[in-house]
Amino acid sequence: MMRVTMRQLQVFEAVARLRSYSRAAEEIHVAQPTVSKQMRLLHEEIGLPLIELIGKKVFLTQAGEELYSTCSAWLDSWGRFEQTISDLKGVKQGRLSIAAVTTTKYFMPRILGPFCSHYPGIDIALEVVNRDRLLERMSHNQDDLYVMGVPPEDMPCQSEPFLDNPLVVLAPQFHRLATKKHIRFSEIAGEQFILREHGSGTRLAIEKAFRERGFPLRVKMELGSNEAIKQAVAGGLGLSVLSMSTLNLDIAQRDIAVLDVEGFPIMRSWYLVTPKDKQLSVVARAFMDFLRNHVDMLNPYGSR
Ligand code: PGA
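Let us look at the structure shown here.

Here is what the cut-offs are and how they apply
- Residues numbered from 1 in each chain as written.
- Predicted model: local features only at pLDDT ≥ 70, side-chain atom pairs only at ≥ 80, totals over all residues.
- Heavy atoms only, no water.
- Buried < 20%, exposed > 50% of the residue type's maximum accessible area, 1.4 Å probe, protein only.
- Helix = DSSP H or I, 4+ residues; strand = E, 2+ residues; numbered from the N terminus.
- Pairing = 2+ DSSP bridges.
- Right-handed = clockwise from strand over helix to strand, strands pointing away.
- Near = heavy atom within 4 Å.
- Polar contact = N/O pair within 3.5 Å; in protein donor to acceptor, adjacent residues only side chain to side chain.
- 1 Å grid on protein atoms, 1.4 Å probe; cavity = no way out; pocket = protein on both sides within 12 Å on 5 of 7 lines; lining within 4 Å.
- Sits in = over half its atoms within 2 Å of the grid points.
- Domains from an automatic or database assignment.
- Arc of directions from axis to C-beta.
- Phe/Tyr/Trp six-rings, centres within 6.5 Å; stacked < 30°, edge-to-face > 60°.
- Lys NZ or Arg CZ within 6 Å of the ring centre and 35° of its normal.

Things to note about the pairing of strand E3 (residues 94-101)
- Here E3 lies mainly inside the structure; six of its eight residues are buried.
- Strand direction decides the pairing type here: E3 and strand E4 (residues 122-129), joined by eight bridges, are parallel. Paired with alanine 99 across the bridge in E4 is glutamate 127.
- Handedness of the crossover joining E3 and E4 through helix H5 (residues 108-118): right-handed.

Listed below in structure tokens is the structure:
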């Protein structure tokens, strides 16, 4: 009988799925040498190569493919077992894993404090990733709940809007349009824009707005963080379109103006999303109820 540990299988599954040691290390919250060590021990125990590293790319060997499908099935049934156990224990104890898109970091953590005080036995893991990474996690059934700006069209899921998510045009405080009313879209279309990275839901929304109006989008710079974008706008590098949620913590920020542009704010919602047919745990259902009942805590613009 092989002596393989659960930890080794968990590491292997992440490496095989993400095709990268560093991304696996990041996801499991361990250092990369730990991933390499667990992979080496697993390899020794199995006695056949599981992966091939070509450049920095991970390829699965035939044995690796076999182990990957065994692991995925095993993790699935282990997840169901854990859920049954925590359901048997009721809402008093358990684990809740939520994956939420980057921009939700401005409000999601605020609901977690009150929720945890209400249910002290529940541990929460909140993964904050961009839209593409979140969809990847969803397709691998990695979390209980997902929070995002637009539910995916190509994955069967249930979604429920719970909070407004207006997208606004930001400019530096002394921009020529900063105090103008009723700005036409064509007046901002010629400006340089600072956009989030590819894979961001905010970026998709801006690209769609420009496409629908038939204007090319002039991209000055890409930045992977809403905070960095606000600083770049304030510094006069260009305009941007971001969720109003990004201004929540910074209402006093005086070096940025919200422009009054036709068609803006783009009114969107934040959605709670669960894969269709997913059996929700008692803990996940408790969180959804808590969020529905306490949404006013999060919403500076009035709840839905
Ligand atoms: P993002 O997603 O944080 O990946 O830009 C936000 C959204 O989908 O609205």
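Re the site of the ligand
- The environment of the ligand is made up of 13 residues, and the closest members are Thr103, Ser200, Gly201, Thr202 and Arg268.
- With respect to the ligand, the side chain of threonine 103 contributes an N or O atom lying 2.8 Å from an oxygen atom.
- Arginine 131 is positioned such that a nitrogen or oxygen atom in its backbone is 3.2 Å from an oxygen atom of the ligand.
- Among the detected pockets, the ligand sits in the second largest pocket.
- Of all elements in the fold, only helix H8 (201-213) and strand E11 (266-275) reach the threshold of two or more residues within the shell around the ligand.
- Composition of the shell around the ligand by domain shows at least three residues from each of domain 2 (89-163 + 269-297) and domain 3 (165-268).

A short note on helix H6 (residues 131-139)
- Within H6 the residues assigned to the buried category are Arg131, Leu134, Leu135, Arg137 and Met138. The buried residues of H6 occupy an angular sector of 160 degrees when the element is viewed end-on, so they sit on one face.
- Regarding H6, its N-cap is asparagine 130, as a side-chain oxygen of that residue lies 3.1 Å from the backbone nitrogen of aspartate 132 further along.
- Phi turns positive, to about 55 degrees, at asparagine 141, one or two residues after H6.

Examining the packing of aromatic side chains
- Using the criterion set out here, one finds eleven aromatic pairs in the structure.
- With 5.1 Å between their ring centres and 45 degrees between their planes, tryptophan 78 and phenylalanine 81 make a pair best called tilted. Taken together, the residues tryptophan 78 and phenylalanine 81, both in helix H4 (residues 62-89) and three residues apart, mark about one turn of the helix.
- The structure contains a cluster of three or more aromatic residues connected by ring pairs, namely Phe185, Phe193, Phe210, Phe215 and Phe264.
- Above the plane of the ring of phenylalanine 185 lies arginine 213, whose end atom (NZ or CZ) is 4.5 Å from the centre.

Quick notes on unusual backbone geometry
- At the junction of phenylalanine 264 and proline 265, the peptide bond is cis and its omega measures out at -5 degrees in the coordinates.
- Of note, proline 265 is situated in the loop between strand E10 (256-259) and E11.
- Even without being a glycine, arginine 19 presents a positive backbone phi close to 55 degrees.
- With respect to the element layout, arginine 19 can be found in the loop between helix H1 (6-18) and helix H2 (21-28).
- The phi dihedral of aspartate 277 is positive, around 70 degrees, even though this residue is not glycine.
- Here aspartate 277 is to be found in the loop between E11 and helix H10 (282-293).
- Given a relative accessible area of 72%, aspartate 277 falls into the exposed group.

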